[in-house]
Amino acid sequence: MCLQDNENGVRGTDQSSGFPSQLSIGASWNRSLALERAQFLGREFKASGANVVLGPVGGPIGRIARGGGIGRAIGFSNDPYLSGQLIAPTVTGIQESVIACVKHWLFNEQETNRNPFAFGFLGYFGNQAVSSNVDDRTTHELYMWPFQDALAAGAGSVMCSYQRANNSYGCQNSKLMNGLLKGELGFQGFVVSDWYAVHTGIAANEAGLDMVMPSSSFLTPESLAEAVNNGSVSAERLTDQATRILAAWYRFAELEEPGLNQHEETNAQAEDVESTLLQGAIEGHVLVKNTEGALPLDPSSTHTLNLFGYDAIGGLNTSAEGFLLYDMGLANTQKYEDGRIFTFIDYYLQAGDILPDPHAGPQIALDGTILSGGGSGAVKVAWSISAHDALASRARTWNQTLHTQFVDQKPTVKAPDAPCIVMINAQSSEGWDRSGIRDEYSDTLVQNVASQCKNTIVVIHNAGVRLVDSWIENPNVTAVIFAHVPGQMNGEALAAILYGEQSPSGRLPYTHFIQQDITPRFPFGYGLTYTNFTYSNLSIRLAEGATTSPLPPAFQPSNPNTTTTLPQGGNPSLFDHLATISVQITNSGSVTAAEVAQLYIEVASSDLPLALRGFEKKLLSPGETETFSFPLRRKDLSVWDVGQQEWVLSKGPHGVRVGKSVGEILVEGTLELN
C-alpha cells in the first residue's frame, strides 16, 4: 500500500497538477467545486500509483492565526461548519479513486514544538512536544466538527497528530482514538501515525493506532508478535488492525501496481483538469476593497499597466541554487527580508525542533510566488502561469505597454496615471509558526508604490491571515485582493478577475470575533463582486415529522438481533433534517456574478452569538432572481452538554440571520421548534 502527500496534489512527481489549496477552496464557499477538485485529485493519485491521499485536512483548523501548520496542511477554514461542509464532498470525490486519510486528529494547531527535540530520535533528551489542552465542549463544537462530517462521508483513514493532547501524545491517546474517534464517531477505517509520531510501543497499539509510518523503533513486527505471544496485545486487536486496513484497501484502492516508483513515467494530469484548476483558483480570490470601480480594468482604455513586486513572477526553477528547497515547496523562499540566507539545512533544523525558541523561517517568499504549502504540503508542477506571464500575454494581445520591476522595494513608477499592480505574499511552512501576520518589507513596498501612483491595486498570495492596516486606508490604494494559494493557474486566475472576465466571488473563510466584542476590518464571509444583490422573502419552514426532543433519538440498527455499532460519523439522528431557511436574491446590478448567501443562527440557550449554519452559492445574470435554501440538521441547532455527554437540542427561539457576511445581515427572523 502506498501512502502519499498531499491535499494540494501528488508530492514527489513532476507530472501532476498543482491544485488550488484547501484555503482557496474554503474562500470559494463552493461545495460543487470542492467535489470536482477532489475527483481530479483522486484520479491523479491513482494514476501515480498511490492508494492513499494524505488529506484532506480537518486540522489544523487554523484557530491560531500565526500557526505554521496551515502552510504544510492548509485547511478550508477555521470555522467548523464551513470546514465540515467542504471536507465532506472532498472525501467523497477522492474516494471515487483512492482512500482519503483525514488529518490531523486532533488539536494540531501549532508547529513550534509539535515534536520532541529532534523528533524524539534522541530519546528523552531535550524538550517534549507541546501539549494542546482543550476542554470537552470545545473539542466537540470546534475541533471534532469537520472530522465528523468527513467520517459521515465515509473516510477510510485518519491520521493522528504529532503533539500531545491533554498531556498524552496524539498517536498514543486512547481517549482521542478509542474513545472519541472509534467509539463516539463510530470510525471503521484505520488510524495511521504522522511520520515518526510514535513515541511508545504497545501503549500506542492499545490506544487505537492501527498503522505506524514510516517506521518505529518502539513498534516493529517482531515486538508486536512478541506482545501477542505473551498476551500484552490480544490476537483480536491485531486482527482488528489488519481488518481495518485491508477493508479500506479493498473498498477504495485495490491497485494492481502501487508505488510512485512504478509510475515514474506516467503523466497523471487528466486532459480536462485545467478548467477545474482555473475555476478553483479564480473563486478563491477575495476582493476586499474596490474604490470607485477601480476594478475591473477595461482593456480598451488600459493602454499602460505597471506591475511591481517579488510575487508577480513564477520564481526559480529546479536547476537553480537552493534546489533542495524546491522539494519542500520553498524554492522561492531562499532568504529573509533582511537579506539573511535561508537554506535546506535551516529548514531541517527548524522542522526537527532542534533550534531553541523562538525560531521561524522567512515570512515571505522573496524569490517568486507561492504555488503550494511548505514542507510535506509541497507540490512540484511541470508548468505554472504567473501573474507576469498572464498579464504580459494580454498586453501582447491588446498592444499594451507593461512596465515591470520585481526586485526593488522602492521601484520607480514610469506611468503614475496608469494602474499600478503590487504583488506581495505571506509564506507559511511546516516546521515553524509564523513570526508575524504582516511584514515590514512588503508593507513598505506597497507604501512606496502608492506614494507615486494614485491607482494602486494590491494583490496578496497569502497562506493564512494577513494584516493590511498600515496601508489599507491610503486613498491611493484603490483595490485589494486576497488571492490565497491558488496553485499553478494563479496568474491566469488573477488576470481573469482584473479584466472582468469573471467577477470575483470569493469570501473570507477566516472566522469572526463577535464573542470577544471585536469588530474586524473585514468580517467573516466578506467579499465584493462587480455587481449588487438584493435580498427578500425570508422563509422559515419546519421539516414535516421532524423529531425535536432535547436528546437525539438513540441509534437503532435495522436488524434488532444484531450487535451493530454506530454508523461511521456517529449517531445518524444528529444529521436529521429539522428545518429549512430560504431567501430570494436578485442580481440588481449590470454584471453576471455569483452571490454567496450565508445563514447565521443565534443558537438558543447557548453562548454562541452568531454561528454559521448554512450557505449557498449561485451565479446570477443581471435582473435574475433565485431562491437560496439552507437545510438545518439537528446538530446545527444543538450544543454539546458536558454533563450529559450528548448533543442537546434547544427548542428556541433561535435567531435567524441571512446576509452577505456575518457583518452584513440583510433579512432576519425567528425559528421555534415545537
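Cut-off values and rules
- Residues numbered from 1 in each chain as written.
- Predicted model: local features only at pLDDT ≥ 70, side-chain atom pairs only at ≥ 80, totals over all residues.
- Heavy atoms only, no water.
- UniProt positions renumbered as here; feature names shortened; annotations may be inferred.
- Axes fitted to C-alpha atoms, helices over the stretch in contact; angles between N-to-C directions.
- Helix = DSSP H or I, 4+ residues; strand = E, 2+ residues; numbered from the N terminus.
- Parallel < 35°, antiparallel > 145°, perpendicular 65-115°, else oblique.
- Left-handed = near helix turned anticlockwise from the far one by under 90°.
- Contact = heavy atoms within 4.5 Å.
- Nonpolar A, V, L, I, M, F, W, Y, C, P; charged D, E, K, R; others polar.
- Domains from an automatic or database assignment.
- Buried area = accessible area lost by both parts, 1.4 Å probe.
- Salt bridge = Lys/Arg side-chain N within 4 Å of Asp/Glu carboxyl O.
- Polar contact = N/O pair within 3.5 Å; in protein donor to acceptor, adjacent residues only side chain to side chain.
- Phe/Tyr/Trp six-rings, centres within 6.5 Å; stacked < 30°, edge-to-face > 60°.
- Buried < 20%, exposed > 50% of the residue type's maximum accessible area, 1.4 Å probe, protein only.
- Lys NZ or Arg CZ within 6 Å of the ring centre and 35° of its normal.
- Pairing = 2+ DSSP bridges.
- Disulfide = S-S within 2.5 Å.
- Core = buried A, V, L, I, M, F, W, Y, C linked by side-chain atoms within 4.5 Å.

- The name that an unreviewed UniProt entry assigns to the chain is beta-glucosidase, with the source organism given as Hortaea werneckii EXF-2000.
- Entered under Pathway (unreviewed entry) in the UniProt record, the comment concerning the chain runs "Glycan metabolism; cellulose degradation."

## Things to note about the packing of helix α13 (residues 387–398) against helix α15 (residues 490–498)
So, step 1. Viewed as axis vectors pointing N to C, α13 and α15 meet at an angle of 50°, and their least axial separation amounts to 7 Å. In this view, α13 runs oblique relative to α15, as classed from their interaxial angle. Classified by chirality, the crossing of α15 by α13 is right-handed. For the pair α13 and α15, the contacting residues are A387, A390, L391 and R394 in the first and N490, G491, E492, L494, A495, A496 and L498 in the second.
So, step 2. Here the residues of the contact of α13 with α15 are counted per class, giving 7 nonpolar, 2 polar and 2 charged.

## Some words on the domain arrangement of the chain
So, step 1. Assigned domains within the chain: domain 1 (3–253), domain 2 (285–511) and domain 3 (533–673).
So, step 2. Counting from both sides, the interface comprises 43 residues of domain 1 and, opposite them, 46 residues of domain 2.
So, step 3. Taken over both partners, the interface formed by domain 1 and domain 2 buries close to 3,300 Å², and the fraction arising from carbon and sulfur atoms is 48%.
So, step 4. If you sort the residues of domain 1 by the area they bury against domain 2, R11, L23 and R66 come out on top, with a joint share of 17%.
So, step 5. Scanning the region where domain 1 abuts domain 2 turns up 2 salt bridges.
So, step 6. Put simply, K380 and D14 hold a salt bridge, and the shortest N to O gap is 3.9 Å.
So, step 7. There are 19 residue pairs in polar contact (both at pLDDT 80 or more) connecting domain 1 and domain 2.

## Looking at the packing of aromatic side chains
So, step 1. The full count for this structure, using the stated rule, is 17 aromatic pairs.
So, step 2. Their ring planes at 85° and their centres at 6.0 Å tell us that Y336 and F342 sit as a pair that is edge-to-face. Each member of the pair, Y336 as well as F342, is classed as buried.
So, step 3. R31 extends its terminal NZ or CZ atom over the ring of F615, reaching a point 3.9 Å from the ring centre.
So, step 4. One cation-aromatic arrangement involves K618 over F628; the distance from NZ or CZ to the ring centre is 5.4 Å.

## Looking at the sheet that holds strand β4 (residues 131–132)
So, step 1. Sheet architecture is open: 3 strands sit in the order β4-β6-β7, paired in mixed fashion. Only two strands of the sheet have a single partner each, and these edge strands are β4 and β7 (168–169).
So, step 2. Across 2 bridges, the pairing between strand β6 (residues 164–165) and β7 is antiparallel. Paired with R164 across the bridge in β7 is Y169.

## A closer look at the UniProt feature "domain: Fibronectin type III-like" (unreviewed entry) in the chain
So, step 1. Cross-referencing UniProt, the feature "domain: Fibronectin type III-like" (unreviewed entry) maps to residues 595–662 in the present numbering.
So, step 2. Here residues 595–662 runs as 0% helix and 63% strand, with 14 Å between its end C-alpha atoms.

## Section: the pairing of strand β23 (residues 664–671)
So, step 1. Pairing of strand β22 (residues 654–661) with β23, which is carried by 7 bridges, proceeds in the antiparallel orientation. Note on β23: the bridge partner recorded for V658 is V667.
So, step 2. Between β22 and β23, which pair antiparallel one after the other, the connecting turn spans 2 residues.

## Some remarks on unusual backbone geometry
So, step 1. Residues D5 and N6 are joined by a peptide bond in cis, for which omega reads -5°.
So, step 2. The residue N6 is located in the loop between β1 (3–4) and α1 (22–28) in this model.
So, step 3. A cis geometry characterises the amide bond from G55 onward to P56, with omega recorded as 10°.
So, step 4. By secondary structure assignment, the location of P56 is in the loop between β2 (52–53) and α3 (69–72).
So, step 5. At Y196, a position not held by glycine, the phi torsion is positive, near 60°.

## Observations regarding the state of the cysteines
So, step 1. Summed over all chains, the structure comprises 2 disulfides.
So, step 2. Paired by a disulfide, C160 and C171 hold their sulfur atoms 2.0 Å apart. Sign of the S-S torsion, about 105° for the bond between C160 and C171, identifies this disulfide as right-handed. Note that C160 is positioned in strand β5 (residues 157–160) and C171 in the loop between β7 and α6 (174–184), a separation of 11 residues in sequence.
So, step 3. By relative accessible area, which is 1% here, C160 ends up buried.
So, step 4. The disulfide partner of C420 is C453, and the S-S distance across this bridge is 2.3 Å. Its torsion about the S-S bond being 100°, the disulfide of C420 and C453 is classed as right-handed. Of the two residues, C420 sits in strand β12 (residues 420–426) while C453 sits in the loop between α14 (440–450) and β13 (456–462), which places them 33 residues apart along the sequence.
So, step 5. We classify C453 as buried; its relative accessible area is 0%.
So, step 6. If you count the bonded cysteines of the chain from the N-terminus, they pair up as 1-2, 3-4.

## What to know about the sheet that holds strand β11 (residues 401–405)
So, step 1. The sheet built from 6 strands is open, its strands ordered β9-β14-β13-β12-β10-β11 with mixed pairing. Of all the strands in the sheet, just β9 (286–290) and β11 have a single pairing partner and so form its edges. Across the sheet, the mean angle from the axis of one strand to that of its neighbour is 15°, orientation sign disregarded.
So, step 2. Where β9 lies against strand β14 (residues 477–482), 4 bridges are found, and the strand directions are antiparallel. Bridge pairing links V286 to F482 in β14.
So, step 3. On top of the sheet, α13 reaches β10 (304–308), β11 and β12; it is set at about 160° to β11, its chief contact.

## With respect to the nonpolar core
So, step 1. Residues W29, W105, L106, F190 and V192 are the most contacted members of the largest nonpolar core, which totals 84 residues.
So, step 2. For this core, the element with the highest residue contribution is helix α5 (residues 136–152), accounting for 7 residues.
So, step 3. Shared between two domains, this core holds at least three residues of each, these being domain 1 (3–253) and domain 3 (533–673).
So, step 4. If we ignore the near neighbours within four places in the chain, the residues touching W105 are M144, F147, V158, M159, C160, S161, L176, M177, L180, L181 and L185.

## As for the environment of S223
So, step 1. Tracing the backbone through its elements, the reader meets S223 in helix α8 (residues 221–229).
So, step 2. C-alpha of S223 to C-alpha of V603: the two residues are 380 residues apart in sequence and 51 Å apart in space.
So, step 3. Here the side chain of S223 touches F218 through a polar contact of 3.4 Å, landing on its backbone oxygen.

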